[in-house]
Amino acid sequence: MEDELTRYLSILGTFARACLVRDLTFRANFILECLTSLGWMSMNLAFYLLVFTFTPEIGRNTGWTREPFFAFVATGLIINAIVQALFIPSAEELTELVRTGGLDAVLVKPLDAQFLLSLHRVDFSALANGIVGIALLAWAVARFAVPPPPVAWVLYPLLIVCGVAILYALVIMLAAATIHLGRNQSLYDFWFYITNFSRYPAEIYSGPWGSPLRALCTFVIPILLVVNVPARAIAQPLTGAAWWAIGGTVLAAVAALIVSRLVFQRSLTRYRSASS
């Protein structure tokens with residue numbers, strides 16, 4: 001088991017090195033992609049700063065004042081940067097592999113097909129936002145009225161991993177739909193639309209429309225757990241309700257990975273080669 005894990009990590013490292021060489025071969029394009037991502041992120045941060053010139057808190061009595069909210073934003077940047085760098089580029093290629101029959105070559109390789117199809121491409125330019133997210137988190141935490149307790153720093157990376165796992169599972173299930181549909185660009189658009197809900201604190205989803213949406217995005221598609229729970233662990237007191245949310249997030253991540261694995265394996269049994 002340990003040898004198998006070492007083997008896959010070594011292969012992942014080879015993929016990453018090859019992608020880095022490819023990116024640096026076209027340095028101008030790589031730099032432009034980084035600057036584009038940073039420009040988009042900067043405009044969002046400027047918008048949030050503008051909002052806080054009119055209100056001291058996002059939502060009444062939610063605890064999301066300026067510094068905690070920017071810790072929330074930083075958490076979202078870190079999680080989305082990891083997903084955008086590691087999983088999205090590979091998943092986007094699956095449509096072409098299915099259409100052209102290139103998936104055949106993947107399935108005959110002596111490696112796990114899901115591993116190859118979800119991790120063979122790495123977009124290093126997407127990590128720029130993650131680096132800024134880490135810097136923004138440090139800036140925000142340094143200005144907290146009460147610093148996070150040590151247990152929060154232990155839980156935070158674990159919950160980051162859980163958030164990445166939930167998004168990865170969603171990407172894999174959408175990628176599996178490609179095998180049935182042949183083309184699923186609209187489904188990847190759906191992924192970006194649904195992840196927009198995770199960019200804001202769960203407390204804003206209230207009222208006759210917001211409450212059902214919050215329930216849907218917490219218990220059915222646990223997208224609200226992705227950023228909210230790790231950000232709350234680092235930015236707000238760890239009360240009893242927070243511990244329930246942390247436990248639920250860990251369980252949701254494990255369940256999402258299991259379900260996505262089953263869906264992907266089931267989809268492969270329905271695959272018919274483009275050349276057949």
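All of the points below concern the structure found in this document. This is a predicted model, so every value here is computed, not measured. (Residues numbered from 1 in each chain as written. Predicted model: local features only at pLDDT ≥ 70, side-chain atom pairs only at ≥ 80, totals over all residues. Heavy atoms only, no water.)

With that settled, consider the overall build of the protein. Scanning the protein for helices and strands turns up twelve helices and zero strands. Computed over C-alpha atoms, the radius of gyration of the protein comes to 20 Å, within 12% of the 19 Å expected from 2.2 N^0.38 for 276 residues, which places it in the range of a compact globule. When the backbone C-alpha atoms are referred to their principal axes, the protein occupies close to 60 × 45 × 40 Å. When burial is assessed residue by residue, the protein has 46% of its 276 residues classed as buried. If you take every contact in the protein between residues at least 6 apart in sequence, the share linking residues at least 24 apart comes to 80%. Accessible surface computed for the protein: about 14600 Å², of which carbon and sulfur atoms make up 69%. Counting 18 positive and 15 negative side-chain charges, the protein places the averaged centre of each group 4 Å from the other. (Helix = DSSP H or I, 4+ residues; strand = E, 2+ residues; numbered from the N terminus. Rg over C-alpha atoms; globule rule 2.2 N^0.38 Å. Buried < 20%, exposed > 50% of the residue type's maximum accessible area, 1.4 Å probe, protein only. Contact = heavy atoms within 4.5 Å. Areas by Shrake-Rupley, 256 points an atom, 1.4 Å probe, with all protein chains shown as cover. Lys, Arg positive; Asp, Glu negative; His and termini not counted. Charge placed at Lys NZ, Arg CZ, Asp CG, Glu CD.)

Turning our attention to the nonpolar core. Note that soluble globular proteins tend to have their nonpolar side chains buried in a common cluster. Within the largest apolar cluster, 76 residues are counted, with the highest numbers of intra-cluster contacts made by Val 83, Leu 137 and Trp 191. Residue contacts for Trp 191: discarding those within four places in its chain leaves Val 83, Gln 84, Ile 88, Leu 167, Leu 170, Val 171 and Leu 174. (Core = buried A, V, L, I, M, F, W, Y, C linked by side-chain atoms within 4.5 Å.)

On to the packing of aromatic side chains, then. Across all of its chains, the model carries twelve aromatic pairs by this definition. Arranged with centres 5.1 Å apart and planes meeting at 80°, the rings of Tyr 48 and Phe 69 form a pair that is edge-to-face. One end of the pair, Tyr 48, is in helix α2 (residues 27-51); the other, Phe 69, is in helix α3 (residues 66-86), and 21 residues separate them in sequence. With respect to class, Tyr 48 is no different from Phe 69; both count as buried. When the centroid spacing of 5.4 Å and the interplanar angle of 70° are considered together, the rings of Trp 64 and Phe 72 count as edge-to-face. (Phe/Tyr/Trp six-rings, centres within 6.5 Å; stacked < 30°, edge-to-face > 60°.)

Below, the discussion takes up the environment of Leu 213. Note on placement: Leu 213 falls in helix α10 (residues 207-220). Each C-alpha atom, one on Leu 213 and one on Phe 197, is 9.4 Å from the other, the two residues being 16 residues apart in sequence. Those residues in contact with Leu 213 that lie beyond four places of it in its chain are Phe 197 and Tyr 205.

For α3, which comprises 21 residues, the first-to-last C-alpha distance of 30 Å matches the rise-based estimate of 30 Å (1.5 Å per residue) to within 8%. Judged by how many residues are buried, α3 sits mostly within the fold: 17 of 21 residues are covered. (Expected span 1.5 Å × (residues − 1).)

Size it by volume and the largest pocket reaches roughly 850 Å³. For the largest pocket, the lining is made up of 33 residues, of which Ser 37, Trp 40, Gln 84, Ala 126 and Asn 129 are closest to its centre. Sort the elements by how many residues they give to the lining of the largest pocket and α2 lands first, with ten residues. For the lining of the largest pocket, the per-class residue count stands at 16 nonpolar, ten polar and seven charged. If you trace the second largest pocket, you find 32 residues lining it, with Thr 218, Phe 219, Pro 222, Leu 224 and Leu 225 closest to the centre. Listing elements by their share of the lining of the second largest pocket, those giving two or more residues are α8 (150-181), α10, α11 (224-235) and α12 (240-269). Here the residues of the lining of the second largest pocket sort into 23 nonpolar, six polar and three charged. (1 Å grid on protein atoms, 1.4 Å probe; cavity = no way out; pocket = protein on both sides within 12 Å on 5 of 7 lines; lining within 4 Å. Points joined across faces, edges and corners; volume = space filled by probe spheres on them. Nonpolar A, V, L, I, M, F, W, Y, C, P; charged D, E, K, R; others polar.)

Turning our eyes to something else, we now look at the environment of Leu 167. Among the secondary structure elements, Leu 167 is positioned in helix α8. Relative accessible area serves as the criterion here: at 0%, Leu 167 is assigned to the buried category. Note: C-alpha distance between Leu 167 and His 180 (13 residues apart in sequence) is 21 Å. Each residue touching Leu 167, except ones within four places of it in the same chain, is listed here: Ile 79, Asn 80, Val 83, Trp 191, Thr 195, Ile 223 and Val 226.

All right, on to the packing of α2 against helix α7 (residues 127-141) then. Between α2 and α7, whose axes approach to 9 Å, the crossing angle comes to 40°. Taken as axis vectors, α2 and α7 run oblique relative to one another. The residues of α7 that touch α2, namely those facing Cys 34, Ser 37, Leu 38, Trp 40, Met 41 and Leu 45, are Ala 128, Asn 129, Val 132 and Leu 136. Here the contact of α2 with α7 is built from residues that sort into eight nonpolar, two polar and no charged. (Axes fitted to C-alpha atoms, helices over the stretch in contact; angles between N-to-C directions. Parallel < 35°, antiparallel > 145°, perpendicular 65-115°, else oblique.)

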